[in-house]
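Topology and contacts: notes
As a plain string of letters, each chain reads:
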Amino acid sequence: MELFFPTMSIILGCVALLLLLQWKNFRGPPCIGGWIPWIGAAFEFGKAPLEFIEKARIKYGPIFTVFIMGKRMTFVTEEVGIDVFLRSKKVDFELAVQTPIYRTVSVPGNIFFALHEKLYIMMKGKMGALNLYHFNEQLTEELHRQLEKLGSHGTTDLNNLVRSWSQSKKWLLALLEENLPETRLYKPTKDNPMIAFWTLAFILSHPEVHKTIMEDMVSVLGPAGKEKIKISEDDLKKLMLIKWCILETIRLRAPGVITRMVVEPIRILNYTVPPGDLLMLSPFWLHRNPEYFPEPDSFKPERWKKANLEKHAFLDNFLAFGYGKYQCPGRWLALLEIQICIILIFYKYDCHLLDPLPKQSFLHLVGVPHPERQCRIEYRQRK
Ligand code: HEM
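Residues numbered from 1 in each chain as written. Predicted model: local features only at pLDDT ≥ 70, side-chain atom pairs only at ≥ 80, totals over all residues. Heavy atoms only, no water.

The name given to the protein chain in an unreviewed UniProt entry is 24-hydroxycholesterol 7-alpha-hydroxylase, with Echinops telfairi as the source organism.

The next subject is unusual backbone geometry. Located in the positive-phi region is His 312, a residue other than glycine, with phi close to 60 degrees. Summarising the element assignment, His 312 is placed in the loop between α14 (283–286) and α15 (331–348). Within the chain, Asn 317 stands out as a residue other than glycine whose phi angle is a positive 65 degrees. Tracing the backbone through its elements, the reader meets Asn 317 in the loop between α14 and α15. (Helix = DSSP H or I, 4+ residues; strand = E, 2+ residues; numbered from the N terminus.)

Our next topic: the packing of aromatic side chains. Applying the stated criterion across every chain yields a total of 16 aromatic pairs. Both rings, one in Trp 198 and one in Phe 202, keep their centres 6.3 Å apart while their planes meet at 40 degrees; by these two values the pair is tilted. Within this pair, Trp 198 and its partner Phe 202 are both found in helix α10 (residues 191–204), separated by 4 residues, close to a single helical turn. You can call Trp 198 buried: its relative accessible area is 0%. Plain terms: the ring middles of Phe 318 and Phe 321 are 6.1 Å apart, the flat faces sit at 70 degrees to each other, and that makes the pair edge-to-face. (Phe/Tyr/Trp six-rings, centres within 6.5 Å; stacked < 30°, edge-to-face > 60°. Buried < 20%, exposed > 50% of the residue type's maximum accessible area, 1.4 Å probe, protein only.)

Before going further, it helps to spend a moment on the pairing of strand β2 (residues 63–68). Looking along a regular strand, one sees the side chains alternate between the two faces of the sheet. The element β2 is largely enclosed, with a buried count of 5 among its 6 residues. Judged from the 2 bridges that link them, strand β1 (residues 31–32) and β2 form a sheet pairing that is parallel. In the sheet register, Ile 32 faces β2, and the bridge partner there is Val 66. From the end of β2 to the start of strand β3 (residues 71–76), which pair antiparallel, there are 2 residues, and Met 69 there has a positive phi angle of about 50 degrees. (Pairing = 2+ DSSP bridges.)

Turning next to empty space enclosed by the protein. Inspection of every chain in the model, using the stated rule, returns 1 cavity of 30 Å³ or more. Taken as a whole, the largest cavity spans an internal volume of roughly 50 Å³. Around the largest cavity, the lining residues are Leu 150, Leu 158, Leu 161, Leu 200, Ile 345, Tyr 349, Cys 351, Ile 377 and Tyr 379. Among the residues making up the lining of the largest cavity, the classes are represented as 9 nonpolar, no polar and no charged. (1 Å grid on protein atoms, 1.4 Å probe; cavity = no way out; pocket = protein on both sides within 12 Å on 5 of 7 lines; lining within 4 Å. Points joined across faces, edges and corners; volume = space filled by probe spheres on them. Nonpolar A, V, L, I, M, F, W, Y, C, P; charged D, E, K, R; others polar.)

On to the sheet that holds strand β6 (residues 258–262), then. The strand order β1-β2-β3-β9-β6-β4 describes an open sheet built from 6 strands, whose pairing is mixed. Of all the strands in the sheet, just β1 and β4 (91–92) have a single pairing partner and so form its edges. Strands in contact with helix α3 (residues 49–60) are β1, β2 and β3; relative to β2, the strand with the most contacts, it is inclined by about 130 degrees. Packed onto the sheet, helix α5 (residues 93–105) meets β4, β6 and β9 (278–281) and runs at close to 115 degrees relative to β6. (Contact = heavy atoms within 4.5 Å. Axes fitted to C-alpha atoms, helices over the stretch in contact; angles between N-to-C directions.)

Okay, here's the thing in structure tokens:
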């Protein structure tokens, strides 16, 4: 009996220590849940999702979970977590995107999982950087036709201009269907016209960049005018500043999030992220980290000089097109289409902005952010 109490105390102490260690081991990241069960933080998050992520990072640290509509989204914002997101075998792209794909194009899970990898490989091959230039002629021809609708001069919201041009883009869908029937499974996104909009707005609000682009164009394509020019692969390679402007725009207006599903418990910093969580990474905020991109909020196309674009490599930590096995297969086609669009608009029209460059809206989490308000331009066809 004398020994009973000390022994019990030691045993209970050990059990408590073990539980504490286990709790520490399996402790999840700080969780923002709100007070309404199941709904969680949906209302707060929905008001301005992009802003919510950054405020949560400042308040809770480099990793945190947001609980919304019964789902857990765990955001990683710094090096260790980002490395896990990009390289761990315990996270899965297909499981994360299957539900949104089912919602947008009604492809059932079994068909998606059976076909996805094959489709991706086909798309990647056909839209790859090396195969792309056979789209050149058709793209240029069609963009010429669309631009004719603009008339000789006018004033318009730049966003409407790019959007209506892309909404009447049955021609591009037909072109894709003809060359890439696989893309039928995917709904075309607004990312391309949005990036075309932002690139034109950034260039026009930086007169020195606009001036250099015009000088480059004259030296490569001859004096700008209303002629129906052809643009060769070689011309595009010489007009590098336009490509840098597009990439710098994509850096500044990158998608709000990319996502992976956690399939086994993962240790990140001192936390364990459980299976079933959606692991989220925000290219938009990552591109604003001054350690990766000095003066991150400035439009500096010349920073792209360092990227080995000849070898099809972007700058380190540029994640607007995702990463890994299923990185965006349409990235080179997107760059080509936007590059031709910008060349033709500047070649044919003298344009200037009537409004200051708008800020991006914080409402769009998936895909490229939209402008907060209108941005009008005045354009006049060159002689
Ligand atoms: C500036 C324009 C674009 C941006 C910013 C963009 C961005 C992205 C991102 C972030 C992903 C997810 C990758 C990941 O999580 O690792 C993705 C996937 C994808 N993108 Fe793009 N994209 C653009 C244009 C295009 C175009 C023009 C096409 C096709 C014509 C395209 C087709 C796809 C497809 C099919 C996927 C899904 C890949 C899969 O299911 O495996 N994208 N894109």
